[in-house]
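Read off the chains here:
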Amino acid sequence: MDPLVFTPCAANSSGAPESVYRIGEVERVTKETDVKVRLDLDGMGVSDCDTGIPFLDHMLDQLASHGLFDVHVKACGDIHIDDHHTNEDVALAIGTALLKALGDRKGINRFGNFSAPLDEAAVNVILDLSGRPHLSYDLCIPTERVGTYDTQLVEHFFQSLVNTSGMTLHIRQLAGKNSHHIIEATFKAFARALRQATEYDLRRRGSVPSSKGVLSRS
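What counts, and at which threshold
- Residues numbered from 1 in each chain as written.
- Predicted model: local features only at pLDDT ≥ 70, side-chain atom pairs only at ≥ 80, totals over all residues.
- Heavy atoms only, no water.
- Pairing = 2+ DSSP bridges.
- Helix = DSSP H or I, 4+ residues; strand = E, 2+ residues; numbered from the N terminus.
- Axes fitted to C-alpha atoms, helices over the stretch in contact; angles between N-to-C directions.
- Contact = heavy atoms within 4.5 Å.
- Left-handed = near helix turned anticlockwise from the far one by under 90°.
- Nonpolar A, V, L, I, M, F, W, Y, C, P; charged D, E, K, R; others polar.
- Phe/Tyr/Trp six-rings, centres within 6.5 Å; stacked < 30°, edge-to-face > 60°.
- Buried < 20%, exposed > 50% of the residue type's maximum accessible area, 1.4 Å probe, protein only.
- 1 Å grid on protein atoms, 1.4 Å probe; cavity = no way out; pocket = protein on both sides within 12 Å on 5 of 7 lines; lining within 4 Å.
- Points joined across faces, edges and corners; volume = space filled by probe spheres on them.
- Expected span 1.5 Å × (residues − 1).
- Salt bridge = Lys/Arg side-chain N within 4 Å of Asp/Glu carboxyl O.

**Digging into the sheet that holds strand β1 (residues 23–29)**
- The sheet built from 4 strands is open, its strands ordered β1-β2-β4-β3 with mixed pairing. A strand with exactly one partner marks an edge of an open sheet, and here the two such strands are β1 and β3 (47–50). Between one strand axis and the next, the sheet turns by 5° as a mean value, whatever way the strands run.
- Lying on the sheet, helix α1 (residues 54–67) is in contact with β3 and β4 (70–77); it crosses β3 at an angle near 160°.

Next up, the structure:
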């Protein structure tokens, strides 16, 4: 039997495989919501988000700006009841778009670790694009609402995103007293950690960052 020889796929000077467009598009329609998401991992930080939930739109702006992703989200949901279903389905759709955009995950860093401050608040986010969904969430948000947004929905947003993307995510609050600052620092840290994880590793030259040779949701 001939010996196995590993030949990495062609990669450009950034470590990215040639002719790869990392864009995920998702439409999620239920009796409760109608959500459309387009996510470009190699964008310029463009945000075009209208979920009907102003504070969530503000947080998605942070994801785009600090992750340098192009994030387009249009959602119509039953916010006359509350924001729960729309918040959840937007996160599920973003997670699915991320899953699609990552493809086989060849050449990426895979891991991300970033701490972001916002005035008195500071939050650390560690993540692994492992294909294994897990959320460890340790935020102490002192108020029940920021504007009209129920702060319980922050954890639910990240849990939903983790479930569909196949991400291991740890969120830890280092400091903070202001609810808005704590949540915004979380999204900024998440954006930078995700940017770090999705960027290409020059030395990998297109190989899968796993000793198993594969990263998947199964």
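**Things to note about the packing of α1 against helix α4 (residues 179–198)**
- Between α1 and α4, the shortest axis-to-axis distance is 8 Å and the interhelical angle comes to 35°. When you trace α1 past α4, the crossing you get is right-handed. Contacts from Phe55, His58, Met59, Gln62, Leu63, His66 and Gly67 in α1 reach His180, Ile183, Glu184, Phe187, Lys188, Phe190, Ala191, Arg192 and Arg195 in α4.
- A per-class count over the contact of α1 with α4 returns 7 nonpolar, 5 polar and 4 charged.

**Looking at the packing of aromatic side chains**
- All chains considered together, the criterion is met by 5 aromatic pairs.
- Where phenylalanine 157 meets phenylalanine 158, the ring centres are 5.4 Å apart and the plane angle is 85°; that geometry is what we call edge-to-face. Across the pair, phenylalanine 158 and phenylalanine 157 agree in class, each one buried.
- With a centroid separation of 5.2 Å and an interplanar angle of 70°, the aromatic rings of phenylalanine 158 and phenylalanine 190 are classed as edge-to-face. Of this pair, phenylalanine 158 sits in helix α3 (residues 153–165) while phenylalanine 190 sits in helix α4; the two residues are 32 residues apart in sequence, bridging distant segments of the chain.

**Structural notes on empty space enclosed by the protein**
- One pass over the full model with this rule turns up 1 cavity of 30 Å³ or more.
- Roughly 50 Å³ of volume is contained in the largest cavity.
- Lining the largest cavity are Leu39, Leu63, Phe69, Ile94, Leu98, Leu161, Phe190 and Leu194.
- Its residues placed into classes, the lining of the largest cavity shows 8 nonpolar, no polar and no charged.

**Quick look at α1**
- Between its terminal C-alpha atoms α1 stretches 20 Å, which fits the 20 Å expected from 14 residues at 1.5 Å a residue.
- Turning to α1, its buried residues are Phe55, Leu56, Asp57, Met59, Leu60, Gln62, Leu63, Ala64 and Gly67.
- The positive-phi residue at the C-terminal boundary of α1 is leucine 68, with phi of around 55°.

**Points about the pattern of salt bridges**
- Applying the stated criterion across every chain yields a total of 10 salt bridges.
- One salt bridge in this structure joins lysine 36 and glutamate 27, with 3.4 Å as the shortest N-O distance.
- Relative accessible area serves as the criterion here: at 51%, glutamate 27 is assigned to the exposed category.
- Between glutamate 199 and arginine 195 there is a salt bridge, with its nearest N and O atoms 3.3 Å apart.
- Taking the relative accessible area as the measure of exposure, arginine 195 reaches 23% and is therefore partly exposed.

All we've got here are geometric facts, nothing functional implied.
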